[in-house]
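Coordinate inspection notes
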Amino acid sequence: MKVLVPVKRVVDYNVKVRVKSDGTGVDIANVKMSMNPFDEIAVEEAVRLKEKGVVTEVIAVSCGVTQCQETLRTAMAIGADRGILVECADELQPLAVAKLLKALVDKEQPGLIILGKQAIDDDCNQTGQMLAALAGLPQATFASKVEVADGKLTCTREIDGGLETLSLSLPAVITTDLRLNEPRYVTLPNIMKAKKKTLDVVKPADLGVDVTPRIKTLNVSEPPKRGAGIKVPDVATLVAKLKNEAKVI
Ligand code: AMP
């Protein structure tokens with residue numbers, strides 16, 4: 001069984017993002033970029049399934065600019081067997097990515113597609129769900145445990161009320177939550193090995209997909225600055241302020 005793992009290149013989670021002065025978006029010039037953390041968890045899970053003998057090939061896919069090749073090399077250093085870059089100069093919205101992935105699912109016929117639950121740049125949490133709908137596949141989002149046996153997938157999901165366990169037929173789409181696993185450190189020998197692995201580059205047009213944006217961003221702005229706090233002398237004053245000034249109790 002093949003596994004497809006979509007990996008997105010995003011602003012590194014340690015970077016404090018800055019909004020462009022004209023309010024058209026986030027400034028990513030000279031900013032450190034990395035693999036979306038939830039996608040690292042997805043690659044790790046796919047590689048663990050391969051190590052268990054459940055999976056035969058792990059294919060990492062990234063859609064975006066040429067530099068996404070670095071993200072694919074990181075996925076291959078974790079253990080993905082090969083990479084596919086769907087190269088596109090423009091920023092892609094989740095629906096466009098889901099359509100590109102659907103075309104690759106038709107081509108590669110994976111038994112499982114493991115995405116991150118959300119990308120930390122747009123926080124959309126949409127691509128996995130849209131892909132499952134477009135491809136007509138069962139889906140389990142926010143996975144915290146995944147088991148594959150006898151052609152079935154059992155997935156424990158993190159939901160508001162606690163944990164839910166689903167049984168899915170394969171092929172299926174899952175999206176990873178934080179507690180699914182802890183990705184391994186990428187070692188230097190594996191970084192070197194990853195350089196030799198196959199990385200194919202295709203264009204959206206090769207897959208017959210129109211990636212024209214459907215959503216227009218009107219304005220991006222910084223969140224309001226937090227005001228300074230105050231110290232209160234005792235609990236009674238605190239309660240009075242919460243009641244009369246903040247009106248939260
Ligand atoms: P989102 O719906 O944007 O929050 O993204 C959810 C997940 O979809 C990510 O964690 C990735 O697994 C996948 N994804 C989103 N955008 C891309 C992209 N440009 N290339 C590859 N995978 C992507």
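As annotated in an unreviewed UniProt entry, the protein carries the name Electron transfer flavoprotein subunit beta and is attributed to Pseudaquabacterium pictum. Here the protein is described in UniProt, under the heading Cofactor (unreviewed entry), as follows: "AMP". The annotation that UniProt attaches to the protein under Function (unreviewed entry) is "The electron transfer flavoprotein serves as a specific electron acceptor for other dehydrogenases. It transfers the electrons to the main respiratory chain via ETF-ubiquinone oxidoreductase (ETF dehydrogenase)."

Here the focus is the sheet that holds strand β4 (residues 57-64). The strand order across the open sheet formed by nine strands is β9-β8-β7-β10-β6-β1-β4-β5-β11, and the pairing between neighbours is mixed. Of all strands in the sheet, those with a lone pairing partner are β9 (162-169) and β11 (199-202), marking the two edges. Across the sheet, the mean angle separating the axes of adjacent strands is 30° when strand polarity is ignored. Inspection of the sheet shows strand β1 (residues 2-6) paired to β4 by five bridges, in the parallel sense. Each residue of the ladder has a partner; that of Val3, found in β4, is Val58. Sheet strands in contact with helix α1 (residues 37-51) are β1, β4, β6 (112-116), β7 (139-149) and β10 (172-176), and its direction is about 150° off that of β6.

Alignment of β7 against β10, held across three bridges, turns out to be parallel. Opposite Gln139, over in β10, you have Val173 as the bridge partner. The pairing of β7 with strand β8 (residues 152-159) spans six bridges and is classified as antiparallel. Considered in β8, the bridge of Ala149 is made with Lys152. Linking two consecutive strands that pair antiparallel, namely β7 and β8, is a turn of two residues; a positive phi of about 50° is found at Asp150 within it.

With that settled, consider the site of the ligand. Around the ligand, the structure places 18 residues, and the nearest of them are Asp39, Cys63, Ala119, Asn125 and Thr127. Pro6 is positioned with one of its backbone polar atoms (N or O) 2.9 Å from an oxygen atom of the ligand. A distance of 3.0 Å is found between an oxygen atom of the ligand and a backbone nitrogen or oxygen belonging to Gly116. For the ligand, the protein covers 98% of the area, taking 490 Å² as the surface of the free molecule. Among the secondary structure elements, those contributing two or more residues to the shell around the ligand are β4 and β6. The element that contributes the greatest number of residues to the shell around the ligand is β4, accounting for three residues. Residue classes in the shell around the ligand are distributed as eight nonpolar, seven polar and three charged.

Attention shifts here to the packing of helix α3 (residues 94-108) against helix α4 (residues 127-135). Contact pair α3 / α4: the axes reach a minimum separation of 8 Å and the direction vectors enclose 45°. For the element pair α3 / α4, the angle class is oblique. At the point where α3 passes α4, the crossing takes the right-handed sense. Only Thr127, Met130, Leu131, Leu134 and Ala135 of α4 make contact with α3, whose side of the interface consists of Pro94, Leu95, Val97, Ala98, Lys99, Leu101, Lys102 and Val105. When the residues that make up the contact of α3 with α4 are grouped by side-chain class, the tally is 10 nonpolar, one polar and two charged.

Turning our attention to the environment of Thr127. Residue placement: Thr127 occurs in helix α4. For the pair Thr127 and Thr175, spaced 48 residues apart in sequence, the C-alpha to C-alpha distance is 9.4 Å. Not counting the four nearest positions on each side in its chain, Thr127 is found in contact with Pro94, Val97, Ala98, Leu101 and Leu115.

As a further point, take unusual backbone geometry. Omega for the bond connecting Leu170 with Pro171 falls within 30 degrees of zero, at 0°, which places this linkage in the cis form. Tracing the backbone through its elements, the reader meets Pro171 in the loop between β9 and β10. In this structure, Asn125 takes a positive phi of about 55° despite not being glycine. The topology assignment puts Asn125 in the loop between β6 and α4. For Asn125, a relative accessible area of 23% corresponds to the partly exposed category.

Definitions and limits used
- Residues numbered from 1 in each chain as written.
- Predicted model: local features only at pLDDT ≥ 70, side-chain atom pairs only at ≥ 80, totals over all residues.
- Heavy atoms only, no water.
- UniProt positions renumbered as here; feature names shortened; annotations may be inferred.
- Pairing = 2+ DSSP bridges.
- Helix = DSSP H or I, 4+ residues; strand = E, 2+ residues; numbered from the N terminus.
- Axes fitted to C-alpha atoms, helices over the stretch in contact; angles between N-to-C directions.
- Contact = heavy atoms within 4.5 Å.
- Near = heavy atom within 4 Å.
- Polar contact = N/O pair within 3.5 Å; in protein donor to acceptor, adjacent residues only side chain to side chain.
- Areas by Shrake-Rupley, 256 points an atom, 1.4 Å probe, with all protein chains shown as cover.
- Nonpolar A, V, L, I, M, F, W, Y, C, P; charged D, E, K, R; others polar.
- Parallel < 35°, antiparallel > 145°, perpendicular 65-115°, else oblique.
- Left-handed = near helix turned anticlockwise from the far one by under 90°.
- Buried < 20%, exposed > 50% of the residue type's maximum accessible area, 1.4 Å probe, protein only.

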